[in-house]
Amino acid sequence: GLLAAYSLDVAFYIDSATFFISAILIVGVTIAPLQVEEDTSVAIVWNNLKSGLRYLTGSSMLRTLLLLGLLYSFTVGLANTLLLPFATTALNATTFEYGLQEGLTSIGFVAGSLIMASYASRLRDGLWYIFGLLGMGIFYLVYSFSTTVPFAIVIVTISGFMNALYAVARQTLIQRNTEREVRGRVFGALMAIGRTTMLLGMALAGLADLFGPRTMMQFTAFVTVGAGAVAVFAPGIGQPAAEWVRSLRLLRGAAAAPGIAAGRAATLADFDRLIGRMPVLATLSLEERKSVLKDMRYIEAEEGTVIVRRGETSDSAYFVLDGGTIAGIEEDGRERVLGAHAPGDFFGEIAALTVIQRTANVVTTQPSALLRVPASSLRMMSSHPELNRVFVSTMTERMLSLNMIEMPKRNVLDQRVLKDQRSSEPRIEATALAGAGG
């Protein structure tokens, strides 16, 4: 805005020069050659988009995120396009003042992202998602009634901050509910659909000629608030604050809470129930299922029962059949939530397969049924590439979230799977959301 106020030509010249400077800098970057396993074509790109869309529609959580994301993309396209006519006609802003609004919106987004980097674990991802979406809508509405440039600049900066809360939480929710091998396709499909919807919002901004930019900005605000209101009641996203506080209270009381009972020997019926929750296990034959059942235990636990304690040493992992658990660690006197586990999820695999101490406390948030699986059975299960991929990807993500950057030297998983993960064809069904949620 400042450059354009001085000379519009100079602004374009400087913008062009930055591309040449970037090109010169890139020339000096050395990148190892990428091994191309197949040629890319329009048909492959189209098939990947369809694959991602099938996965999206196969999960209730991802379907909800897709529909709400469409509303978000529409309103963002509309609001961003309205910003210039609103600034120049409703606020009588100068070119420089308009530029300040654009720039400070981005600065607000960066500030919000930095806040999320430090405090995201304080609340559920769904709550951050709701706060961000509702916050954007509310501040869009306040902005639509603004009459002075300084006030408008402050409000639009805060809207950028709220946008970051939404964006970070949304990315996290998508990642935690999508298998690693299909994330590229899922995010590609979301991006293609979102950008198309954003274009529709930008086109609708032309109605500002009929109704005025202030009215159209208010329309944008109401649609965004409506999307946030839907998110409050959407399964898997909205959760009453009291429930979240109760989960934190259970984690804080882990030191004094009762531990699990020994349980009973697991049966084929128990394992079949687990397959219903985690379909990828259906790749095991009947004989393999009988073999991995050795030393497995079926355990029932009441709400508030500690399943694993941080610092313990154990060679068992746990698969959730019914109920739910929450995992967390204490940092600086406060609980940091690492994730929640729903039926079909598993936890404890890091300690079980690497013989290191437990990395977190895990407590039941409701009456639950679990299968305790010894490391020997996990290793047998990991001989299947499909299961191995699930274990490797989940372990890697959890170790990164705990700043355990280097994998333990005792690597018990089949490294051939790491190469297999680079395959262009995903072999995980949309319903196989094993390990999602932490």
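What counts as what
Residues numbered from 1 in each chain as written. Predicted model: local features only at pLDDT ≥ 70, side-chain atom pairs only at ≥ 80, totals over all residues. Heavy atoms only, no water. Helix = DSSP H or I, 4+ residues; strand = E, 2+ residues; numbered from the N terminus. Buried < 20%, exposed > 50% of the residue type's maximum accessible area, 1.4 Å probe, protein only. Contact = heavy atoms within 4.5 Å. Areas by Shrake-Rupley, 256 points an atom, 1.4 Å probe, with all protein chains shown as cover. Expected span 1.5 Å × (residues − 1). Core = buried A, V, L, I, M, F, W, Y, C linked by side-chain atoms within 4.5 Å. Patch = residues over 30% accessible without salt bridge, like charges linked within 9 Å, V, L, I, M, F, W, Y side chains within 5 Å. Salt bridge = Lys/Arg side-chain N within 4 Å of Asp/Glu carboxyl O. Axes fitted to C-alpha atoms, helices over the stretch in contact; angles between N-to-C directions. Parallel < 35°, antiparallel > 145°, perpendicular 65-115°, else oblique. Left-handed = near helix turned anticlockwise from the far one by under 90°. Phe/Tyr/Trp six-rings, centres within 6.5 Å; stacked < 30°, edge-to-face > 60°.

Thoughts on the overall build of the chain
Point 1. If you tally the helices and strands in the chain, you get 17 helices and 7 strands.
Point 2. A burial count over the chain gives 46% of its 438 residues as buried.
Point 3. A separation threshold of at least 6 residues defines the contact pool for the chain, and within that pool the share at least 24 residues apart is 82%.
Point 4. Carbon and sulfur atoms form 62% of the exposed surface of the chain, whose accessible area is close to 21800 Å².

A few points about helix α8 (residues 183–204)
Turn by turn, an α-helix covers 3.6 residues, leaving residues three or four places apart pointing in a common direction.
Point 1. Taking 1.5 Å of rise per residue, 22 residues should cover 32 Å, and α8 covers 31 Å from first to last C-alpha, within 8% of that figure.
Point 2. Taken together, the buried positions of α8 are occupied by Arg183, Arg185, Val186, Ala189, Leu190, Gly194, Thr197, Met198 and Gly201.

Regarding the nonpolar core
Point 1. Counting residues in hydrophobic clusters, the biggest one holds 54 residues, and the most contacted among them are Leu65, Tyr129, Tyr143 and Ile237.
Point 2. Contributions of two or more residues to this core are made by α3 (42–57), α4 (60–90), α5 (95–119), α6 (125–144), α7 (149–176), α8 and α10 (213–233).
Point 3. Considering each element in turn, this core owes the most residues, 15 residues, to α4.
Point 4. Those residues within four positions of Tyr143 in sequence are excluded, and the remaining contacts are Leu83, Phe86, Leu91, Gln101, Ala152, Ile155, Val156 and Met217.
Point 5. Judged by nonpolar contacts, the second largest core, of 28 residues, contains Ala266, Phe271, Leu353 and Leu387.

Some remarks on a nonpolar patch on the surface
Point 1. A cluster of nonpolar side chains, contributed by Leu2, Phe96 and Leu100, occupies part of the molecular surface with about 260 Å² of accessible area.
Point 2. Of note, Phe96 is situated in helix α5.

Some thoughts on the packing of α6 against α7
Two packed helices can be described by the angle between their axes and the distance between those axes.
Point 1. Look at α6 against α7: their axes get within 7 Å of each other, and the N-to-C directions meet at 155°. Overall, the two elements α6 and α7 adopt an arrangement that is roughly antiparallel. As α6 packs across α7, the resulting crossing turns out to be left-handed.

Let's talk about the environment of Ser73
Point 1. By the element assignment, Ser73 lies in helix α4.
Point 2. Spatially, the C-alpha atom of Ser73 lies 9.1 Å from that of Leu200, the residues being 127 residues apart in sequence.
Point 3. Dropping the residues within four chain positions of it, Ser73 is found in contact with Gly194, Thr197 and Met198.

Brief notes about the packing of aromatic side chains
Point 1. Counted under the stated rule, the structure contains 5 aromatic pairs.
Point 2. Between the aromatic rings of Phe86 and Tyr143, the centroid separation amounts to 4.7 Å while the plane-to-plane angle is 35°, which identifies the pairing as tilted. With Phe86 in helix α4 and Tyr143 in helix α6, this pair connects stretches of sequence that are 57 residues apart. The pair Phe86 / Tyr143 is uniform in exposure class, with both members buried.
Point 3. With a centroid separation of 5.6 Å and an interplanar angle of 15°, the aromatic rings of Tyr318 and Phe347 are classed as stacked. Separated by 29 residues along the polypeptide, Tyr318 in strand β4 (residues 316–331) and Phe347 in strand β6 (residues 346–347) bring together distant segments of the chain.
Point 4. Ring pairing ties together the aromatic residues Tyr72, Tyr129 and Tyr166, which thus form one cluster.

Let's talk about α5
Point 1. Its 25 residues give α5 an end-to-end C-alpha distance of 36 Å, which sits within 8% of 36 Å, the value for a rise of 1.5 Å per residue.
Point 2. Summarising the contacts, the buried residues of α5 are in contact with α4, α6 and α7.

Considering the packing of α4 against α8
Point 1. α8 packs onto α4 with a crossing angle of 40° between their chain directions and a minimal axis gap of 7 Å. The angle between α4 and α8 places the two elements in the oblique class. Where α4 crosses over α8, the two elements pack in a sense that is right-handed. In this structure, α4 uses Leu66, Leu70, Ser73, Phe74, Val76, Gly77, Leu78 and Thr81 to contact α8, whose residues at the interface are Leu190, Ile193, Gly194, Thr197, Met198, Leu200, Gly201, Met202 and Leu204.

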